[in-house]
2 protein chains.
Amino acid sequence: MPRLLNHTVSVEPTAEAAACTAVACRNCGLYQLGRLPGREEADPTLLQRIACSRRQLRKGEYLYRLDEPVRAVYAIRYGSLKSYVLSGDGRLQITGFHIVGEPLGLNDLATGRHTSEAQILEPTSLCEVPLDHLEKLSVEVPSIRSQMLIILSREVQHYQELMLMLGKKNAEERLATFLLGLSSRFEQHGFSPLRFNLSMSRGDIGTYLGIAEETTCRLFSRLQEEGLIRAHRRSVEIRDLDRLRQLALR
Amino acid sequence: MPRLLNHTVSVEPTAEAAACTAVACRNCGLYQLGRLPGREEADPTLLQRIACSRRQLRKGEYLYRLDEPVRAVYAIRYGSLKSYVLSGDGRLQITGFHIVGEPLGLNDLATGRHTSEAQILEPTSLCEVPLDHLEKLSVEVPSIRSQMLIILSREVQHYQELMLMLGKKNAEERLATFLLGLSSRFEQHGFSPLRFNLSMSRGDIGTYLGIAEETTCRLFSRLQEEGLIRAHRRSVEIRDLDRLRQLALR
DNA sequence: CACCTTAGTTGATCTGGATCAGGATTTTGT
DNA sequence: ACAAAATCCTGATCCAGATCAACTAAGGTG
């Protein structure tokens, strides 16, 4: 089967200019930083001023590592990455997968140093806004800070859901929740919610859901046997959204 | 044994004026909202302006409930509470215990509605700053928003640690981590880090750590047998900090 | 004070998912 | 094109912690 990640296919890098213009940023996770109070649309002039440089990264590279100073916030233009925290003896817990269109890097503002790491899962392009630039700009345009608060608060909500999973759901419910979550995020960004390709391994999914890789594999098989999904390696098709929801939203 | 919660004993409500003055707020979780850029001490005038009303709540009462509009942010003057999220079928995951001096309520800014609930664990007094007041004030004093970002970002770090626990640590490591965390938080607020009283039940601790109440009990007994702690009901004494750390920080 | 309710504790048993082991398929590098 | 390395999958066994079931101790109440 040819590798046809839907977000890799649908987002053509060539269609965009060299600078991160307002248009290019519309689906970008930092777009909302350009929103002024009370308005739905971002202010084009403001977006232009936020601007940002681009960065291209390959699979396996790190966007940032533990204890590094926080230098910038990012938005994903295409591609994806995982972020995770580490225990004293090196066990790791993936805290999130980040896909096209999503913002990244606001977590560690308090300390000024990264308490987590972010690693690239597939060829990925990012918008990068240096923190000092954002700092200067937000003195002048205070709404930027409000928007940052909102982004961070969304992050918190994601973490709350993950804690509920890790603390209270069984393995099958976790995988169902995971797949549904991905599905609706793809949909939000204009991709099919029922057919998509995963950029992470079974092992990564397990490390995210707090279950073993083997269990993750068995669950993919089980959900398929039960007719809820069709899955082959990285490609997933949701075949019974209702039953999957029933499982997940318990 | 008489009920001598150290934070109930040490913080005398009578010692403070009727309004939440700058002095009264020094140990208060909202104190840092009064910090101006680059300064360690909060600006007294600013603190006065943030001001806040008080609120007294009894055990079992809710500070806020699911789906309620977010009306204010809070700081705990004395007492404690738990906050938790709920699954579709009513299972609950406690996401944090909040003790004297800590801020509360910044989580749900994005949606404007609470996605979690907060319930009082013992007689508790709070500082309350209405959101619209904070909003107005922060137009004029932008540093307030920066401080809010920092508070929220700390919250995120707490969640990251909790996820690591829930996803990767065994039950004994979880309890050790929990006790050490409480210990250092008490210390931060000027109480003994080695002897303190819990305001939450074994069941609550289990619901926080993602383990059963019975397991929590057994672990208290085990840590006591092994000489790491002494515990009787709600009172806890840490007897071997090093070994407890060894367990927790793995 | 006697009664009742709630919280804490301990034991016995069961089980979901971890771990260990091996094989199949796909991707990557040369 | 081929070898090597990931990645994925399945089976067998094991065990940490859940669940079920009493029992005890502490507070609270009339």
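All of these numbers come straight from a predicted model, not from anything done at the bench.

*Asks:* Summarise the interface of chain B and chain A; cite the residues concerned and give the values.
*Replies:* Each side of the interface is counted separately: chain B has 41 residues, and chain A has 41 residues. In total, chain B and chain A occlude about 3,700 Å² of area from one another, counting both sides; carbon and sulfur atoms represent 65% of this. Three residues stand out in chain B for area buried against chain A, namely B:L149, B:M163 and B:K168, and they jointly supply 18% of the buried area on that side. Scanning the region where chain B abuts chain A turns up two salt bridges. For A:E173, the salt bridge goes to B:R91, with nearest N and O atoms at 3.2 Å. At the boundary of chain B with chain A, the tally comes to 20 residue pairs in polar contact (both at pLDDT 80 or more). If you list the elements that add at least two residues to the side of chain B that touches chain A, you get β4 (80-86), β5 (92-99) and α5 (143-168) of chain B.

*Asks:* Could you give an account of the relation of the copies chain B and chain A, naming the residues involved and the relevant values?
*Replies:* With an RMSD of 0.0 Å, the fit of chain B onto chain A corresponds to turning through 180° and sliding 0.0 Å along the axis. In short, the pair behaves as if placed about a two-fold rotation axis. Most of the interface of chain B is mirrored in chain A: 100% of its interface residues are interface residues there too.

*Asks:* An account of the nonpolar core is needed here, citing residue identities and associated values.
*Replies:* Ranked by internal contacts, the top residues of the largest apolar core, which has 126 residues, are A:F178 and B:F178. Filtering out sequence-adjacent residues up to four positions away, A:F178 remains in contact with A:F97, A:M200, A:I205, A:Y208 and A:L209.

*Asks:* I'd like a description of the environment of A:R35, backed by residues and values.
*Replies:* Residues and elements named next belong to chain A. Note that R35 resides in the loop between α2 (22-25) and α3 (44-50). In the structure, R35 is positioned 111 residues away from S146 in sequence and 9.6 Å away in space, judged by C-alpha atoms. In contact with R35, not counting residues within four places along its chain, are E40, E41, A42, S143 and Q147. A distance of 2.7 Å separates a polar atom in the side chain of R35 from the backbone oxygen of E40.

So, how was this worked out
- Residues numbered from 1 in each chain as written.
- Chains lettered and ligands numbered in written order.
- Predicted model: local features only at pLDDT ≥ 70, side-chain atom pairs only at ≥ 80, totals over all residues.
- Heavy atoms only, no water.
- Contact = heavy atoms within 4.5 Å.
- Buried area = accessible area lost by both parts, 1.4 Å probe.
- Salt bridge = Lys/Arg side-chain N within 4 Å of Asp/Glu carboxyl O.
- Polar contact = N/O pair within 3.5 Å; in protein donor to acceptor, adjacent residues only side chain to side chain.
- Helix = DSSP H or I, 4+ residues; strand = E, 2+ residues; numbered from the N terminus.
- Least-squares fit on C-alpha atoms with pLDDT ≥ 70 in both.
- Core = buried A, V, L, I, M, F, W, Y, C linked by side-chain atoms within 4.5 Å.
- Buried < 20%, exposed > 50% of the residue type's maximum accessible area, 1.4 Å probe, protein only.

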